[in-house]
Amino acid sequence: MATGKETVYYEFYRGSSCLIDFSASRIGMALTDSLDELITDGTITPQLAMKVLAQFDKSLADTLTKYVKTKTSLKGHLRTYRLCDDVWTFIVKNPQFKMESNEIVSAEKIKIIACKNPDAPEVKK
């Protein structure tokens, strides 16, 4: 019986076939603001700024895949989910990330956007 307070568990594994957009993170937003200033000053072109953001996302994803070896479980209340144009969006309220070391990191709300990485090899089932 659904009560509206179902708990959802997710596990995130290294090397997944999802491409992550890190430009919405705090560091990504700071980079975007800096690039906007450089565009306004005429130091760089908007096309170069887009290339920098694309490389930022790719480099951060590659670095996390290479150096982060910890599995993380997410527990929280799934408030919203949708699939549009092969892009999943999840909004999780009161998420708790539990690391392999049993460290728990909490937040008020998170938004997860996942889409297929076109460079990822197909997984055979």
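Residues numbered from 1 in each chain as written. Predicted model: local features only at pLDDT ≥ 70, side-chain atom pairs only at ≥ 80, totals over all residues. Heavy atoms only, no water.

Caption draft 1: Representation of the nonpolar core. Formed by Leu74, Phe90, Val92, Ile110 and Ile112, the largest nonpolar core amounts to five residues. Those elements that place two or more of their residues in this core are strand 4 (87–99) and strand 6 (109–116). (Core = buried A, V, L, I, M, F, W, Y, C linked by side-chain atoms within 4.5 Å. Buried < 20%, exposed > 50% of the residue type's maximum accessible area, 1.4 Å probe, protein only. Helix = DSSP H or I, 4+ residues; strand = E, 2+ residues; numbered from the N terminus.)

Caption draft 2: Examining the pattern of salt bridges more closely. Going through the model one piece at a time under the given rule, you end up with one salt bridge. Notably, a salt bridge pairs lysine 58 with aspartate 62, separated by 3.0 Å at the nearest N-O pair. Here the residue lysine 58 and the residue aspartate 62 both occupy positions in helix 2 (residues 46–67), the gap between them amounting to four residues, near one helical turn. Given the relative accessible area of 43%, lysine 58 is considered partly exposed. Taking the relative accessible area as the measure of exposure, aspartate 62 reaches 40% and is therefore partly exposed. (Salt bridge = Lys/Arg side-chain N within 4 Å of Asp/Glu carboxyl O.)

Caption draft 3: Region of interest: the packing of helix 1 (residues 26–41) against helix 2. Relative to each other, helix 1 and helix 2 sit at 165°, their axes nearing to 10 Å. If you check the angle between helix 1 and helix 2, you find them roughly antiparallel. The two elements helix 1 and helix 2 cross, and the hand of that crossing is right-handed. Only Pro46, Ala49, Val52, Leu53 and Phe56 of helix 2 make contact with helix 1, whose side of the interface consists of Ile27, Gly28, Leu31, Thr32, Leu35 and Ile39. Residues belonging to the contact of helix 1 with helix 2 are distributed by class as follows: nine nonpolar, two polar and no charged. (Axes fitted to C-alpha atoms, helices over the stretch in contact; angles between N-to-C directions. Parallel < 35°, antiparallel > 145°, perpendicular 65-115°, else oblique. Left-handed = near helix turned anticlockwise from the far one by under 90°. Contact = heavy atoms within 4.5 Å. Nonpolar A, V, L, I, M, F, W, Y, C, P; charged D, E, K, R; others polar.)

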